[in-house]
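Descriptive structure summary
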Amino acid sequence: MNKMIKSIPVLIVGGGPVGLSMALSLARQQIPSLVVEKHAGRTPHPRARGVSMRTMELFSQWGNSNELLKYEFPKEAIRFIWSESLQGNEVTRVEIKNRNYTHGPIGASFVTQDCVEEYLHHTLLHHRKAEIQFSKEMISFEENATHLAVRLLDRKSNKEELVHAQYMIAADGAHSSVRKQLGIEMEGPDNLGRSCSVYCEFDVSQWTEYRPSVGFFFTDPKLLGRSLFTAYGKNRWIVGMHFKPENTKEDFTDDYCLNEIRRVLDMPHLPIKIINKSFWTMAAQVAKQYRHGRIILVGDAAHRLPPTGGLGMNTGIADAHNLAWKLAFVLNHYVSDTLLDTYYDERAPIAKRNIAWSTENAKRFFAIFKAIQAGDHATLKIKLQEQQKNLYYAGLDLGFIYHSKAVQSEDEQMLSVLPDKYIPTTLPGSRAPYMQLIKEGKTIATLDLFEREYVLLVGSEGHEWQQAANQLAQTLSWPIKSYRIAADGDLSDPENHWCKIYEITATGAVLVRPDGHVAWRSKKIIANPIHKLTEIFHNLNQ
């Protein structure tokens, strides 16, 4: 018998890092949500590896990111080593050099997905607005004009429950059951190769302690398609095994994996404990639509990225961040739900661009494997040198620019975003540049100003803009705050760099959305600023 357990503004299907990020983002917007995860607990497999600088910025805003950093790999280990074999001669190293964290308050971190999920879950427990229930599977849903009726199965009791939700977020992964029930098609190749990741415990410190690395790849043709990755914890490793054309999942028995790992390590009697295995297929796909009425796709349910480059989880978390404030504005009746359509307009192009970059990285790996098979040492040397490109993606991470009705783009707006180079800008749609300011005698980051409302930042002589914003705040349904940056202003800039970094004059203004992206700017004062701001907000709310 169905049992009505609750009505909830937002139901989130899937308790992985994207689903948890969605719940956390909504909780900070004061929007209650329920996360249902069909598995009995968090992922027991390390899965994705690496948290980008932008994602770490969000984590720092959402909670104590030091709780996550305790799982971080040592900085000196953030590199990949190519060698003939684990015990053989080293061929080359691929590592990040000259790291520059000046564009944000915190740098990227090399942490595995299981640790990220633990951090997000624990952070979420401090928010009364969010709840997560494990062993709960979404079975079906029906939508009407006012809400969704969603049937859930409690996999422990085998009893069904009914939930009413105003919106449902599909964060249920690459094989999303929600997406399949909606009949939403994916564009792009669905099989670029299959792999088995074996999470296990063994001691090879005699070969790794003197050269710590997050991953080892091998150039010996006999080890083709095998790799070794560090996991969090003493002597914990992930052994990657690409499928051969004739392979099936059934081939990767424990005995086979144990024998294969010992062969790869050339240690026939090495004690090995298999913790678990994960099978996955590399794909490069984007859903044809992200929204179907009251149902919205995020993360792998919306796009599947090749893992080469580590952008999959980060792209999904950025989806959640983009969508959360828009849902909050709709649920709080600030705007119409047409704002939710801008989610696809903004995030799908980013997913496609990240997929293209990750696919190029994958092709480089395929070229290396082909050169190894052919004994083509000249090509192998070139492609190994090009592996450095896998680690540099600041432009993709921080420099992406949104284009939608939620952004007042400028005439002839042009900025070429290079994957490996971030150029700070206030071009509408861009992430508002990071810098430190003084507020009430304390140092803050500009990023700390953005989350729940629109923020108008004005120069030292921008009094008229601020007066207009304060006047509009009394009549607009949207929440808006304004700050004047000046020695006698709401915020001060001791280095006097703010106007240069924000690309305006002392009389100019920059309007920043709750997600920290620039919605509009005026480089100087214009006639009748109250009329202009009213026009801008009208355009953004169409």
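The structure under discussion appears in the preceding block.
Overview of the structure. (Residues numbered from 1 in each chain as written. Predicted model: local features only at pLDDT ≥ 70, side-chain atom pairs only at ≥ 80, totals over all residues. Heavy atoms only, no water.)

Description of the sheet that holds strand β23 (residues 454-458)
- Strand order across the open sheet formed by 4 strands is β24-β23-β25-β26, with mixed pairing between neighbours. Each having just a single partner strand, β24 (480-484) and β26 (518-522) make up the two edges of the open sheet. Averaged over all pairs of adjacent strands, the angle between their axes in this sheet comes to 15 degrees, without regard to strand direction.
- Pairing geometry for strand β25 (residues 509-512) and β26, over 4 bridges, is antiparallel. (Pairing = 2+ DSSP bridges. Helix = DSSP H or I, 4+ residues; strand = E, 2+ residues; numbered from the N terminus. Axes fitted to C-alpha atoms, helices over the stretch in contact; angles between N-to-C directions.)

Considering the pairing of β23
- Most of β23 is tucked away, with 5 of its 5 residues classed as buried.
- The alternating pattern of β23 places Y454, L456 and V458 and V455 and L457 on opposite faces, both of which are buried.
- Pairing geometry for β23 and β24, over 5 bridges, is parallel. Note on β24: the bridge partner recorded for V458 is R484.
- Where β23 meets β25, 4 bridges bridge the pair, whose relative direction is antiparallel. Paired with L457 across the bridge in β25 is V510. (Buried < 20%, exposed > 50% of the residue type's maximum accessible area, 1.4 Å probe, protein only.)

Overview of the sheet that holds strand β5 (residues 90-95)
- Taken in spatial order, the 7 strands make up an open sheet running β5-β4-β13-β14-β15-β12-β16, and their pairing is mixed. Two strands in the sheet have a free side with no partner beyond their single neighbour: β5 and β16 (273-282). Across the sheet, the axes of successive neighbouring strands diverge by a mean angle of 20 degrees, strand direction being ignored.
- Sheet topology places strand β4 (residues 79-83) next to β5; 5 bridges connect them, and they run antiparallel.

Structural notes on the pattern of salt bridges
- A full pass over the atoms with the stated rule returns 32 salt bridges.
- A salt bridge links E90 to R93; the shortest N-O distance between them is 2.5 Å.
- Residue classification places E90 among the partly exposed positions, given a relative accessible area of 34%.
- Accessibility expressed as a relative area gives 31% for R93, which makes it partly exposed. (Salt bridge = Lys/Arg side-chain N within 4 Å of Asp/Glu carboxyl O.)

Observations regarding helix α4 (residues 113-124)
- When the terminal C-alpha atoms of α4 are compared, their 16 Å separation across 12 residues agrees well with the 16 Å that a helix rising 1.5 Å per residue should span.
- α4 sits mainly inside the fold: 10 of its 12 residues count as buried.
- Here α4 has its buried residues at Q113, D114, C115, V116, E117, Y119, L120, H121, T123 and L124. (Expected span 1.5 Å × (residues − 1).)

Remarks on the packing of aromatic side chains
- Counted under the stated rule, the structure contains 30 aromatic pairs.
- Ring geometry for F59 and Y119: centres 5.3 Å apart, planes at 55 degrees, overall tilted. Of this pair, F59 sits in helix α2 (residues 53-62) while Y119 sits in helix α4, and the two are 60 residues apart along the sequence. Taken as a pair, F59 and Y119 share a single burial class, namely buried.
- Judged by centre distance (5.4 Å) and plane angle (90 degrees), the ring pair of F252 and Y256 falls under edge-to-face.
- Accessibility expressed as a relative area gives 2% for F252, which makes it buried.
- For Y256, a relative accessible area of 27% puts it in the partly exposed group. (Phe/Tyr/Trp six-rings, centres within 6.5 Å; stacked < 30°, edge-to-face > 60°.)

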